[in-house]
Amino acid sequence: MSDRASDLISRAHEAHVVVAGGGVAGLVAALECAKVGIRVTVIEASDRLGGSIRTEEIDGLAVDLVADGFALGAPALDTLIDELGLRDAVEPAAGDAIAVAVGSPDALRVARLPVGLAGIPANPWSDDARRIIGWRGAWRAYLDRLRPPLTIGREQSLGALVRTRMGVRVRDRLVAPLAFGRFGVDVDDVDADLAVPGLSTALTRAGSLAGAISQLLPDGPAPSRATLRGGMGRLVDALAGRLADLEVEIRTGARVAGLHRDDGGWTVRIENAAPDAAASAPDADSVAQASDPDATGAPDPDATPTGQVIADVVIIATDGDAAASLLASAGISVAAPASRQRDVVTLVVDAPVATATATAVAPTSSAPSNASPATTSVAPATVYAAPAIASAASGIRAAAVEDATASWPHLAAAAGPRRILRVQLEAPADPSRPGPFPPSAPAADGAERAHSATTGALANTTSPSPSTTPPELVAQARRAASALLGAEVGEPRAASHRRVMLAPPASVIGHAERTAAARAAIAGRGGLVAVGAWVAGGGIAPIVADTVDEVEKVRARILFGRE
């Protein structure tokens, strides 16, 4: 072995990295450090690992309670899946059909979303588009082709761009439900060119928004997301197993409560590190009880009797509120993004869910005055509600309903005649927190992080176990699912509830600037790194990519002294 290689190995073994948070970002960060020989300790406040992913048995079925899939074609996530030996378990979605619910609670219309991107139709004259926006909306959208080209640089907001080019009906009935249902954000707060990459150039080239979308559409139908057969919990199991092989110490039931830097490095203060803290992570053999020297796994030689650990680098992989609190203890002030709170209720029902019925304008006449009501059947995997429908005043409160058995073949095969419905209900707002969206309370100690392919957003979950799901929420979810699916949903066989706080996507206007400012402030202290949804944006794929990039800088600093 060369002197240089020996020196690198020595540097890696001498360094100690503490990761605060055992969710997706934290586990990936730990793996990226540990596989080059760096000693790693993961501190997780809850009694389990995975955060963004939780697979539980409900009515005999392995069901992902909130996090149920990931985006296909993301290089960093693809690499991780291959590294963990999970490629054969990847299952593309069987159906990505999306519908939207518009109108009023008393006259709800549900119809399949037309071909397009981010809800923008490639052809506003298509039957699917006219069922939602009507003849008036189609005629208004047609004016888009008569207007002069407009570059994204002159109109950054996706909502404003669509409203200006194609009219209010396209914005409110097609585009807004997706932004609101998936991420809980106002479409006016979304950056157009980030939401639809290449839209600026295509709009200039095509001369119309519909023409630009037509140019950007993929050549043929292809699934955009996938899951793992047997549940996304397999990803957590594989990560935990790999970390065990690399002798990473994992402490559950312990919370990083504060940070202090001196000449010896970072002092990490830990709370709730009781000797009897039960470890119920996917791989219990890899988890050491927080303060018990006889627990499974080697005790940390840097641990002190007062519940402190000394680290060269601390990677903060918590939600935004917890990260801001930890950074404040280190004298760093950052602003966590505002989030929206929802109740996610998973229902297992006996009766087959019938196809949704959409009341629409009959496509047989070219004149609005001759239009007459008609019904069209659709069988969507997901229905997103317009923001007005999801409001508490509507009485429905549902932002989205997903039929997981329509999305994933392995679930459909296991469920038989049963259906697994995931219902997102708008949760009551907490007036104590400011923000552009109905705000939510900070995550409690032991809060989990959760990501939903339906929402695409990472979140904190602070909800009870499935056995304690409030009956009133189950009843509300059943009513909402019946309304959005256009068919009566039978009495649930089983149900589970999670309260989540959605993390806005990276496409929200101002996200890049806020993240850059936060990381600049953090970098000024040295030895601190922040990862997770609040800096990467909602979604497992962007979180993995961002975490890998940030941890590569940590490895370069430790091994080569690069800043």
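These numbers were taken from a predicted model, which means no experiment stands behind them. (Residues numbered from 1 in each chain as written. Predicted model: local features only at pLDDT ≥ 70, side-chain atom pairs only at ≥ 80, totals over all residues. Heavy atoms only, no water.)

*Asks:* Explain the sheet that holds strand S5 (residues 70-71) here, please?
*Replies:* Pairing between the strands of a sheet comes from backbone hydrogen bonds, and it takes one of two forms, parallel or antiparallel. Strand order in this open sheet of three strands is S5-S11-S6, and the pairing throughout is antiparallel. Only two strands of the sheet have a single partner each, and these edge strands are S5 and strand S6 (90-92). Pairing analysis gives three bridges linking S6 to strand S11 (residues 225-228), with the strands arranged antiparallel. Across the sheet, Val-90 pairs through a bridge with Leu-228, a residue of S11. (Pairing = 2+ DSSP bridges. Helix = DSSP H or I, 4+ residues; strand = E, 2+ residues; numbered from the N terminus.)

*Asks:* Just to check I follow, could you spell out the sheet that holds strand S16 (residues 313-316) for this structure?
*Replies:* Strands sit in the order S12-S2-S1-S16-S26 across an open sheet of five strands; the sheet is parallel. Single-partner strands in this sheet number two, and they are strand S12 (249-252) and strand S26 (528-530). Strand-to-strand, the axes of this sheet are offset by a mean angle of 15 degrees, without reference to chain direction. Summarising the sheet, strand S2 (residues 39-44) and S12 pair through four bridges and their orientation is parallel. Of the residues in S12, the one forming a bridge with Glu-44 is Thr-252. Across the sheet, helix H2 (residues 24-34) is in contact with strand S1 (16-20), S2 and S16; its angle to S2 comes to roughly 170 degrees. (Axes fitted to C-alpha atoms, helices over the stretch in contact; angles between N-to-C directions. Contact = heavy atoms within 4.5 Å.)

*Asks:* How should the pattern of salt bridges be read in this particular structure?
*Replies:* Charged atoms that come close allow side chains of opposite charge to pair. Counted under the stated rule, the structure contains 36 salt bridges. Between Arg-130 and Asp-127 there is a salt bridge whose closest N-O contact spans 2.8 Å. Placement of the pair is Arg-130 and Asp-127 together in helix H4 (residues 127-142), with a separation of three residues, close to one helical turn. Ionic pairing is found between Arg-255 and Glu-271, a salt bridge with its closest N-O pair at 2.5 Å. Of this pair, Arg-255 sits in strand S13 (residues 255-262) while Glu-271 sits in strand S14 (residues 265-271), and the two are 16 residues apart along the sequence. Arg-255 sits in the partly exposed class, given a relative accessible area of 25%. Classification of Glu-271 by relative accessible area gives partly exposed; the value is 28%. (Salt bridge = Lys/Arg side-chain N within 4 Å of Asp/Glu carboxyl O. Buried < 20%, exposed > 50% of the residue type's maximum accessible area, 1.4 Å probe, protein only.)

*Asks:* How should I be thinking about the side chain of Arg-48 in this particular structure?
*Replies:* Here Arg-48 is to be found in the loop between S2 and strand S3 (55-58). Polar contacts involving the side chain of Arg-48 include one to the main-chain carbonyl oxygen of Ile-53, which spans 2.5 Å. (Polar contact = N/O pair within 3.5 Å; in protein donor to acceptor, adjacent residues only side chain to side chain.)

*Asks:* Explain the packing of aromatic side chains here, please?
*Replies:* Both the distance between ring centres and the angle between the ring planes are used here to describe each pair of aromatic rings. A full pass over the atoms with the stated rule returns four aromatic pairs. When the centroid spacing of 6.0 Å and the interplanar angle of 55 degrees are considered together, the rings of Trp-125 and Trp-135 count as tilted. In this pair, Trp-125 sits in the loop between strand S10 (120-121) and H4 while Trp-135 sits in helix H4, placing the two residues 10 residues apart along the sequence. Its relative accessible area of 8% is what places Trp-135 among the buried residues. A centroid spacing of 4.8 Å and a plane angle of 90 degrees characterise the contact between Trp-125 and Trp-139, whose relative ring orientation is edge-to-face. Taken together, the positions of Trp-125 in the loop between S10 and H4 and Trp-139 in helix H4 put the pair 14 residues apart, joining distant regions of the chain. In textbook terms, an aromatic cluster arises when at least three aromatic residues are bridged by ring pairs, as seen for Trp-125, Trp-135, Trp-139 and Tyr-142. The lysine or arginine in question, Arg-342, covers the ring of Phe-180, its NZ or CZ lying 5.0 Å from the ring centre. (Phe/Tyr/Trp six-rings, centres within 6.5 Å; stacked < 30°, edge-to-face > 60°. Lys NZ or Arg CZ within 6 Å of the ring centre and 35° of its normal.)

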